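Read off the chains here:
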Amino acid sequence: MKFVPLPEDRPALMGILNVTPDSFSDGGVWSGERAVARGMDMLAQGADLVDVGGESTRPGAEPVAAPTEIDRVLPVVKGLVANGVVVSVDTSKAEVAEACLKAGASVVNDVTAWRDPDMRHVCAHRGATVCLMHMQGEPRTMQAAPTYGDVVAEVKAFLFSRAESAVEAGLEPSQVWIDPGIGFGKTLDHNLDLLANLGELAKSPWTVLVGVSRKSFIGKLTEDAPPGERIEGTLAAQTLAQALGARVLRVHDVLAAKRASTVASAVLHRAPRNSP
Ligand code: HH2
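Basis of the calculations
Residues numbered from 1 in each chain as written. Predicted model: local features only at pLDDT ≥ 70, side-chain atom pairs only at ≥ 80, totals over all residues. Heavy atoms only, no water. 1 Å grid on protein atoms, 1.4 Å probe; cavity = no way out; pocket = protein on both sides within 12 Å on 5 of 7 lines; lining within 4 Å. Points joined across faces, edges and corners; volume = space filled by probe spheres on them. Helix = DSSP H or I, 4+ residues; strand = E, 2+ residues; numbered from the N terminus. Near = heavy atom within 4 Å. Polar contact = N/O pair within 3.5 Å; in protein donor to acceptor, adjacent residues only side chain to side chain. Areas by Shrake-Rupley, 256 points an atom, 1.4 Å probe, with all protein chains shown as cover. Sits in = over half its atoms within 2 Å of the grid points. Buried < 20%, exposed > 50% of the residue type's maximum accessible area, 1.4 Å probe, protein only. Pairing = 2+ DSSP bridges. Right-handed = clockwise from strand over helix to strand, strands pointing away.

S.K.: Hey, could you go over empty space enclosed by the protein for me, with residue numbers and the actual values?
M.R.: For the structure shown, the criterion picks out one cavity of 30 Å³ or more. Its boundaries defined by the atoms lining it, the largest cavity holds a volume of some 40 Å³. Considering the residues around the largest cavity, the lining is formed by Val 152, Val 155, Lys 156, Leu 194, Asn 197, Leu 198, Glu 200 and Leu 201. Secondary-structure elements contributing two or more residues to the lining of the largest cavity are α5 (151-168) and α7 (198-202).

Next comes the structure, spelled out in structure tokens:
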């Protein structure tokens, strides 16, 4: 079984390493040995694990075939594992997950929460830790007209039922992470409702992961700041997610996230005095 030990006193930081030509904020920047070096830098800056992705899931992105995705991610996964890094693979394809788990990856981060019918078997057979994320629709079209009756209730019901099915497949509860999928088939209001009510997910038995890093809802709230200028908004959202119970934060800017989460932890773990 592949367990990822999580720190007790602060959220774990999952560094984002996209080896894609088209990711929304770091597309075309990292591949091969440079990508491994980037992963090692993130580790030195305080990442607890590194999430390697070979297919962009930004709104409008076109899918890629499994062999192409494997060619992109596998050398990087192998290079990081050889250097002792805890590796997560950001994929929704069982074939890609299988190749990476065999090479030593510990986590399968699936933004479709096991839509590929073979994913359940691969993750259970290899004893992977899994991140199950909520997405309405698919990346190509998901931002066209996202609609919910009660976004918080619907996302929560979906994630809890997927998490239970992962335990039925044979995983330990501590191997199951859930993620509301900020920006995946959601308007600005949906994202804010989900973040404000994150406590409803966190009071479950499941580990909550949140990915807000440089996302477009932050741009919308900050005069259309481009992805590279969303750091302050990202840190604000990550800090609030931490206070509301997120145990894993998926981040591009590891050093900044580490500093912010360390300060937040110091305050959150201080018992308030009894008021006079
Ligand atoms: N967001 C992205 C990708 N994978 N996985 C989880 N669990 N949660 C997320 O919020 C999440 C995710 C999108 O961001 P990024 O990887 O930076 O971009 P792209 O999908 O364009 O590669």
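So that's the structure; there's more coming.
S.K.: Describe the site of the ligand, naming the residues involved and giving the relevant values.
M.R.: The environment of the ligand is made up of 19 residues, and the closest members are Ser 23, Ser 56, Thr 57, Asp 179 and Lys 215. The separation between an oxygen atom of the ligand and a polar side-chain atom of Ser 23 is 2.4 Å. Alone, the ligand offers 480 Å² of accessible surface; in the complex the protein occludes 98% of this. Here the ligand occupies the largest pocket. Every element with two or more residues in the shell around the ligand is listed here: β1 (12-18) and β5 (129-133).

S.K.: With reference to specific residues and values, describe the pairing of strand β4 (residues 107-110).
M.R.: Alternating positions in β4 separate into two faces, Val 107 and Asn 109 on one and Val 108 and Asp 110 on the other, with burial throughout. Pairing of strand β3 (residues 87-90) with β4 involves three bridges; the strand directions are parallel. When the sheet's bridge partners are listed, Ser 88 is paired in β4 with Val 107. Pairing analysis gives four bridges linking β4 to β5, with the strands arranged parallel. Paired with Asn 109 across the bridge in β5 is Cys 131. With helix α4 (residues 119-126) bridging β4 and the parallel β5, this β-α-β connection has right-handed handedness.

Don't take any of this as a statement about function, it's just geometry.
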